[in-house]
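A closer look at the structure
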Amino acid sequence: DTAVSQTPKYLVTQMGNDKSIKCEQNLGHDTMYWYKQDSKKFLKIMFSYNNKELIINETVPNRFSPKSPDKAHLNLHINSLELGDSAVYFCASRLGGLTEAFFGQGTRLTVV
Amino acid sequence: GEDVEQSLFLSVREGDSSVINCTYTDSSSTYLYWYKQEPGAGLQLLTYIFSNMDMKQDQRLTVLLNKKDKHLSLRIADTQTGDSAIYFCAEMGGSGGYNKLIFGAGTRLAVHP
């Protein structure tokens, strides 16, 4: 039983395309995150949703649009993909007030 | 501002102890974390420490926190080849529902025979 699952695990696409990455958690958490890990392994937060409401948006280009249809899901849609978007994208979830954040296995996006 | 710094590389011999160091800037951080990332894998929470603690031990792992100097360390006793990975220090910045994990750049631990 995977706690935080992301699909797809790998995504290779051409510049200019639009793509989505999906994330689901079955932990009953109320807060979900998207993180980006670049080629140097730097991890940086992109978005956070709490109870389906966007609460953190860290200067991410508006080509990136998160969507949270319910508390268990946080999807990431990316328009007009650019080479610099190539990275590993991690979804995470947490129950507000508790300590641990659980991470998905990551989606490796390669833009060619 | 919020910043977490750690050394990028550490090489140890199998059986020795590894010590990975980290400094952070947000003195209001309530929790500090160590995550492990193996090649091609996601992030695994190893351990965390509450800011009012000085030390936490969990089997081969010992976390030391010097809140005055904003310094955190992770000691791995009897390091094994399976411990080879990237270790990320992180602090929980922000407040309330706006909490977010702020990561260091990661320390690449290489364990050799």
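The structure we're discussing is the one just above.
These notes cover the structure that comes with them. (Residues numbered from 1 in each chain as written. Chains lettered and ligands numbered in written order. Predicted model: local features only at pLDDT ≥ 70, side-chain atom pairs only at ≥ 80, totals over all residues. Heavy atoms only, no water.)

Re the sheet that holds strand β8 (residues 71-76) of chain B
The strands making up a sheet associate through hydrogen bonds between their backbones, and the pairing can be parallel or antiparallel. All names here are of chain B. Selection rule: For two strands to be treated as a pair, DSSP must find at least two bridges joining them. The way it works is that DSSP assigns letters per residue, a run of H or I at least four long becomes a helix, a run of E at least two long becomes a strand, and they are numbered from the N terminus. The axes used here are C-alpha line fits, helices contributing only the stretch in contact, and every angle between their N-to-C directions lies in the interval 0 to 180 degrees.
One open sheet holds the 5 strands; their spatial order is β1-β3-β8-β7-β6, and the pairing between them is antiparallel. Of all strands in the sheet, those with a lone pairing partner are β1 (4-6) and β6 (55-58), marking the two edges. Taking the axes of each pair of neighbouring strands and ignoring which way they run, one obtains an average angle of 15 degrees across the sheet. Taken together, the 4 bridges between β6 and strand β7 (residues 61-66) define a ladder with antiparallel strand orientation. Note that in β7 the partner of Lys56 across the bridge is Val63.

What to know about the state of the cysteines
Applied cut-off: Defined by distance alone, a disulfide is two cysteine sulfur atoms within 2.5 Å. Exposure is judged per residue with a 1.4 Å probe applied to protein chains only, and the accessible area is read against the type maximum: over 50% gives exposed, under 20% gives buried, and values in between give partly exposed.
Throughout the structure, instances matching the rule amount to 2 disulfides over all chains. Linked covalently through their sulfurs, Cys23 of chain A and Cys91 of chain A form a disulfide whose S-S length is 1.9 Å. Around the S-S axis, the bridge from Cys23 of chain A to Cys91 of chain A shows a dihedral of about -75 degrees and counts as left-handed. Pair noted here: Cys23 of chain A is in strand β3 (residues 19-25) and Cys91 of chain A is in strand β9 (residues 87-94), with a separation of 68 residues, a long-range link. A relative accessible area of 1% means that Cys23 of chain A is categorised as buried. Between the sulfur atoms of Cys22 of chain B and its disulfide partner Cys89 of chain B the distance amounts to 1.9 Å. On the S-S bond that ties Cys22 of chain B to Cys89 of chain B, the torsion sits near -65 degrees, and the link is left-handed. One end of the pair, Cys22 of chain B, is in strand β3 (residues 18-24); the other, Cys89 of chain B, is in strand β9 (residues 85-93), and 67 residues separate them in sequence. Among the residues examined, Cys89 of chain B registers a relative accessible area of 1% and is labelled buried.

What about the side chain of Lys100 of chain B?
What counts is decided by this rule: Distance and chemistry together define a polar contact, namely a pair of N or O atoms within 3.5 Å, with one atom able to donate a hydrogen and the other to accept it when in protein, and with adjacent residues in sequence counting only for side-chain atoms on both sides.
Mapped onto the fold, Lys100 of chain B is located in strand β10 (residues 100-103). At 2.7 Å, the side chain of Lys100 of chain B forms a polar contact with the side chain of Glu58 of chain A.

A short note on the pattern of salt bridges
Pairing is possible between side chains of opposite charge, provided their charged atoms come close. Put simply, the test is: Basic side-chain nitrogens of Lys or Arg form a salt bridge, by our definition, when they fall within 4 Å of a carboxyl oxygen of Asp or Glu.
Following the criterion strictly, the structure yields 6 salt bridges over all chains and no others. A salt bridge links Glu58 of chain A to Lys100 of chain B; the shortest N-O distance between them is 2.7 Å. Residue Glu58 of chain A is found in the loop between β6 (53-57) and β7 (64-70), and its partner Lys100 of chain B is found in strand β10; the two belong to separate chains. Exposure remark for Glu58 of chain A: the relative accessible area of 21% places this residue in the partly exposed category. Overall, the relative accessible area of 12% leaves Lys100 of chain B in the buried class. One salt bridge in this structure joins Glu82 of chain A and Arg63 of chain A, with 3.4 Å as the shortest N-O distance. Of the two residues, Glu82 of chain A sits in the loop between β8 (73-78) and β9 while Arg63 of chain A sits in the loop between β6 and β7, which places them 19 residues apart along the sequence. Within this structure, Arg63, Glu82 and Asp85 of chain A form a network of salt bridges that share partners.

With respect to the sheet that holds β7 of chain A
Residues and elements named next belong to chain A. The 4 strands lie next to each other as β1-β3-β8-β7, forming an open sheet whose pairing is antiparallel. One side of each edge strand has no neighbouring strand; the edge strands of this open sheet are β1 (4-7) and β7. On average, adjacent strands in this sheet sit at an angle of 20 degrees to one another, irrespective of strand direction. Bridge count for β1 against β3 is 4 bridges, and the pairing is antiparallel. By the bridge assignment, Ser5 is partnered in β3 with Glu24.

Some thoughts on unusual backbone geometry
Cis rather than trans, the peptide bond between Thr7 of chain A and Pro8 of chain A has omega equal to -5 degrees. For Pro8 of chain A, the position within the fold is in the loop between β1 and β2 (10-13). Unlike most non-glycine residues, Lys41 of chain A shows phi in positive territory, near 75 degrees. Looking at the secondary structure, you find Lys41 of chain A in the loop between β4 (31-37) and β5 (43-50). Here the phi dihedral of Gln59 of chain B falls at roughly 55 degrees; this positive angle occurs in a residue that is not glycine. Along the chain, Gln59 of chain B turns up in the loop between β6 and β7.

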